[in-house]
Amino acid sequence: MPVVAQVERKVAAALRRAGLAGTGATLVVGVSGGADSSALLYSLYHLRENLGFSLHVAHLNHDFRGEEADEDARFVETMAQELGLPFSMAKQDPIAYQREHRISSFEQGAREMRYRFLAGVAHGVDAPAVAVGHTTDDLAETVLLHIMRGAGLHGLRGMSETAPWPWPAGLDTPIIFRPLLETSKAETVEYCNELGRSYRQDSGNLLFKFTRNRVRQQLLPLMAEEYNPRVQDALARLANSASLDLDYMESELERAWKELTVPGKGGDETSGQAPAATLLRRPFDGLHPALKRLALRRAYVAVKGDARRLGETHLRAMIDFASPHRSAGSLDLPEGISLRLSTDEISFSRTATPADCPFPELPGSQLQLPIGIKTYNVVHFIGEWQVIFEALKSSEIPDLRQPDEFTAYFGHAVLKSSLAIRKRKEGDRFQPLGMAQTKRLHNFFIDEKVPQEWRDRVPLLVADQEIAWVVGYRIAEWAKVPEDRTPDTPVLRVRFTRISE
């Protein structure tokens, strides 16, 4: 059977298992331009009509690779245009993201940045899932990396075909969808070749400073040559076995959870909303050690929202600390979470609560404006927020009144400008909508009763150094859409939203 038919049969089966076939839903497809994501896009495109779904292409330009990254972005945009598919793109620097978020690993920072972008696109088009091009090779690499780091069952599970959104944690939608997990990289290359489709080669995959690249290019080939020619299949089987074992253990924990937790303080592993989670020591002490680990991990996630920084060493420390022989005390855990013991309870809580401010921390990131009237969005991120720029025509937005404090419409004076987002600085002046003169931004904040402690976090959208919008409050008079507009008048819509929304 030709590889095209084999791959598309696997993808179709994965769509049906995931419950995505026949739904009419939009699937966001993360496309880098490489063979894996190109094969994913073309296979989904060929199946979309028979299996009843639509597609939206998304590409994140990793800005640290310069012109090569720009060429990748143009390549993917051309793919989307040729297939007649909507396309979203953003450009971000993973090194700057890593530094801003204080992440020690470049690879982890780039991964978080990518998933944050894809989540924003999915929410923008109301997509229930994002399809990514992870293959059997990626699964094997991930499991081997986790083994070397001493992972438990969660690490050995590697990747699953469908999974809750990995980052930011706690999102109900989208889910992540990996329909190529039973397909090898060699098959995706052959798939593209059979279709006569070109694909991009990412030079970043050749850099040996990244651990995954060394595993891919050195360790796995050595293991295949010297020990087991089918080592990738063996690692994939290990992941499947670990997944089955973990599913069973989690179902056993679920059965015990009501007796194990204090009513109203059990938390919810997927919501990340609980400020605290409390386990009762008597039923906890009666659990099998494997379930104790899972219970402590689940309680931590209920407070933090994810377990990204929680390693095996932390789990072992918690198990030792929650021993029946210890009556009281506290243990500091990653991400500002504290575990406290009392005679009857094991409690998890945040050690510090952030100020109740509705605005993100501002790094002063420069934001790019969409070029011309396009049908796609440009998305940028500031902490837990996404900023979406949409270049539209006046006819597409019949009512240009500001619908909420975090959405605004702008006219030609802003569209032709160089845009940036920054915090306030000394001497700022602003011409609020409806006023003929400027006023000091300081006085505007006082008039609007903006709390003093919020003022350095209020985002300012500036156009050629002029304040066009005090986000959350008002746009500038000069920046508004003109009243004598025509249906073809260009309009810029800018939206600030939290990722969780």
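Conventions used here
Residues numbered from 1 in each chain as written. Predicted model: local features only at pLDDT ≥ 70, side-chain atom pairs only at ≥ 80, totals over all residues. Heavy atoms only, no water. Pairing = 2+ DSSP bridges. Helix = DSSP H or I, 4+ residues; strand = E, 2+ residues; numbered from the N terminus. Buried < 20%, exposed > 50% of the residue type's maximum accessible area, 1.4 Å probe, protein only. Phe/Tyr/Trp six-rings, centres within 6.5 Å; stacked < 30°, edge-to-face > 60°. Lys NZ or Arg CZ within 6 Å of the ring centre and 35° of its normal. Salt bridge = Lys/Arg side-chain N within 4 Å of Asp/Glu carboxyl O.

Undergrad: Tell me about the sheet that holds strand β19 (residues 474-475), and name the residues and values.
TA: With antiparallel pairing, four strands are arranged side by side in an open sheet as β14-β17-β18-β19. Taken across any chain shown, the strands that pair with only one partner, and hence form the sheet edges, are β14 (419-422) and β19. Examined bridge by bridge, strand β18 (residues 466-470) and β19 share two bridges and lie antiparallel to one another. Bridged to Val470 within β19 is Arg474.

Undergrad: Describe the pairing of β18, and please don't skip the residues or the numbers.
TA: Burial analysis of β18 places four of its five residues in the buried class, the great majority of the element. Pairing analysis gives four bridges linking strand β17 (residues 460-463) to β18, with the strands arranged antiparallel. Within β18, the residue paired with Leu460 across the bridge is Val470. Between β17 and β18, which pair antiparallel one after the other, the connecting turn spans two residues, and Asp464 there sits at a positive phi close to 50 degrees.

Undergrad: Mind laying out the packing of aromatic side chains, listing which residues take part and the relevant values?
TA: Inspection of every chain in the model, using the stated rule, returns five aromatic pairs. Taking the centre distance of 5.1 Å and the plane angle of 75 degrees together, the rings of Phe430 and Phe444 count as edge-to-face. Here Phe430 is found in strand β15 (residues 429-430), whereas its partner Phe444 is found in helix α15 (residues 441-447), with 14 residues between them in sequence. Taken individually, Phe430 and Phe444 each receive the classification buried, so the pair is uniform in this respect. Aromatic rings pair up to connect Phe410, Trp469 and Phe496 into one cluster. Above the plane of the ring of Tyr45 lies Arg48, whose end atom (NZ or CZ) is 3.9 Å from the centre. It is Arg298 that lies over the ring of Trp257; its NZ or CZ is 4.1 Å from the centre.

Undergrad: Give me the pattern of salt bridges: which residues, what numbers.
TA: Counted according to the given criterion, the structure contains 25 salt bridges. Arg255 is paired through a salt bridge with Glu252; the nearest N and O atoms lie 3.0 Å apart. Within this pair, Arg255 and its partner Glu252 are both found in helix α10 (residues 231-260), separated by three residues, close to a single helical turn. Assessed through its relative accessible area of 66%, Arg255 is described here as exposed. Residue Arg422 is joined to Asp428 by a salt bridge in which the shortest nitrogen-to-oxygen separation is 3.0 Å. Asp428 carries the same exposure label as Arg422, and that label is buried. Taken together, the shared-partner salt bridges connect Asp36, Asp138 and Lys185 into one network.

Any functional reading would require information beyond the geometric quantities listed.
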